[in-house]
Amino acid sequence: MTEAWEAAVEAQIRGAVQRGEFDDLPGMGKPIPGRGTPYDESWWIKSFLEREALPSDLLLPTPLQLRRRVEQVPDEVRDLPTEQAVRDFVGQLNAQIVAWLRNPDGPRVAVRPVNADEVVRRWRAEHAPPGLPTPKTDRATVVAPRRPRRAWWLPWRRRLR
């Protein structure tokens, strides 16, 4: 039974070749892509990313994606029109970071929320008119100095100040 079926299929293929139905097919005469290269288990992922023009960052685990986004914040906020838009962008990124910190998955990578005031200060410095001086804040004036703590295990000694 299978021999009769194979013979019928072969007869149809032979007839199609004689009629010229396989002539001018797309890719005719071109080598098969990937032939002669070693086997790669993730060939289909790589071909999908290439075909759809997607960034390879999508393959990274969540904490590494967040760290990469934190590194790219200055470039991403550079073209935003207002300070409020910059704060909204940083707020959305910080919300994603906090959500990951509450329920971490993947490798343990240190990811901290972005300081919105620092990003806005840099954004203002880049968008300031050329003739005006940019306000610079000194970290020592913003953060009050800490008072030294007394050691809890030496309550009987007085600290010299």
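Keep in mind the model is a prediction, meaning the values are calculated, not measured. (Residues numbered from 1 in each chain as written. Predicted model: local features only at pLDDT ≥ 70, side-chain atom pairs only at ≥ 80, totals over all residues. Heavy atoms only, no water.)

Bringing the packing of helix H3 (residues 62–71) against helix H5 (residues 83–102) into the picture now. At a minimum axis distance of 11 Å, the contact between H3 and H5 shows a crossing angle of 155 degrees. With respect to H5, the element H3 is oriented roughly antiparallel. In this structure, H3 meets H5 at a crossing whose hand is left-handed. Here Thr62, Pro63, Leu66, Arg69 and Val70 of H3 lie close against H5, whose contacting residues are Phe89, Leu93, Gln96, Ile97 and Trp100. Of the residues that constitute the contact of H3 with H5, the class distribution is seven nonpolar, two polar and one charged. (Axes fitted to C-alpha atoms, helices over the stretch in contact; angles between N-to-C directions. Helix = DSSP H or I, 4+ residues; strand = E, 2+ residues; numbered from the N terminus. Parallel < 35°, antiparallel > 145°, perpendicular 65-115°, else oblique. Left-handed = near helix turned anticlockwise from the far one by under 90°. Contact = heavy atoms within 4.5 Å. Nonpolar A, V, L, I, M, F, W, Y, C, P; charged D, E, K, R; others polar.)

Taking 1.5 Å of rise per residue, the 12 residues of helix H6 (residues 116–127) would be expected to cover 16 Å, and the 16 Å separating its terminal C-alpha atoms lies within 8% of that figure. Buried residues of H6: Val119, Val120 and Trp123, and no others. One side of H6 holds all its buried residues, which, seen down the axis, span an arc of 100 degrees. By the N-cap criterion, in which a side-chain oxygen at the helix start approaches the backbone nitrogen of a residue two or three places on, H6 is capped by Asn115, the distance to Asp117 being 3.2 Å. (Expected span 1.5 Å × (residues − 1). Buried < 20%, exposed > 50% of the residue type's maximum accessible area, 1.4 Å probe, protein only. Arc of directions from axis to C-beta. Polar contact = N/O pair within 3.5 Å; in protein donor to acceptor, adjacent residues only side chain to side chain.)

To continue, consider the confidence of the model for the protein chain. The predicted model of the protein chain has a mean per-residue pLDDT of 83, with 80% of residues at 70 or higher. The least confident element of the protein chain, judged by mean pLDDT, is helix H7 (residues 139–142) at 44; the most confident is H5 at 95. Across residues 138–143, confidence stays below pLDDT 50; counting only partners more than four residues off in sequence or on other chains, it has one contact. (pLDDT = per-residue confidence, 0-100.)

A few words on H5. With 20 residues, H5 should reach 28 Å at 1.5 Å per residue; the first-to-last C-alpha distance of 28 Å fits that figure. Among all positions in H5, only Val86, Phe89, Val90, Leu93, Asn94, Ile97 and Trp100 are buried. An end-on view of H5 places all buried positions within 130 degrees of arc, on one side of the element. Residues of H5 that are exposed and point over 90 degrees away from its buried face: Gln92 and Arg102. Buried residues along H5 sit in contact with H3, helix H4 (73–77) and H6.

Here we take up the packing of H5 against H6. With their axes 10 Å apart at the nearest point, H5 and H6 run at an angle of 145 degrees to one another. Like other packed secondary-structure pairs, H5 and H6 cross with a definite hand, here right-handed. Residues Glu83, Val86, Arg87 and Val90 of H5 lie in contact with H6, whose contacting residues are Ala116, Asp117, Val119, Val120, Trp123 and Arg124. Across the contact of H5 with H6, the residue classes tally to six nonpolar, no polar and four charged.

For the rest of this paragraph, the subject is the pattern of salt bridges. All chains considered together, the criterion is met by 11 salt bridges. We note a salt bridge from Arg78 to Glu126, for which the minimum N-O separation is 3.6 Å. Of the two residues, Arg78 is situated in the loop between H4 and H5 and Glu126 in helix H6; the sequence distance between them amounts to 48 residues. One network of salt bridges, with partners in common, ties together Glu83, Arg87, Asp117 and Arg124. (Salt bridge = Lys/Arg side-chain N within 4 Å of Asp/Glu carboxyl O.)

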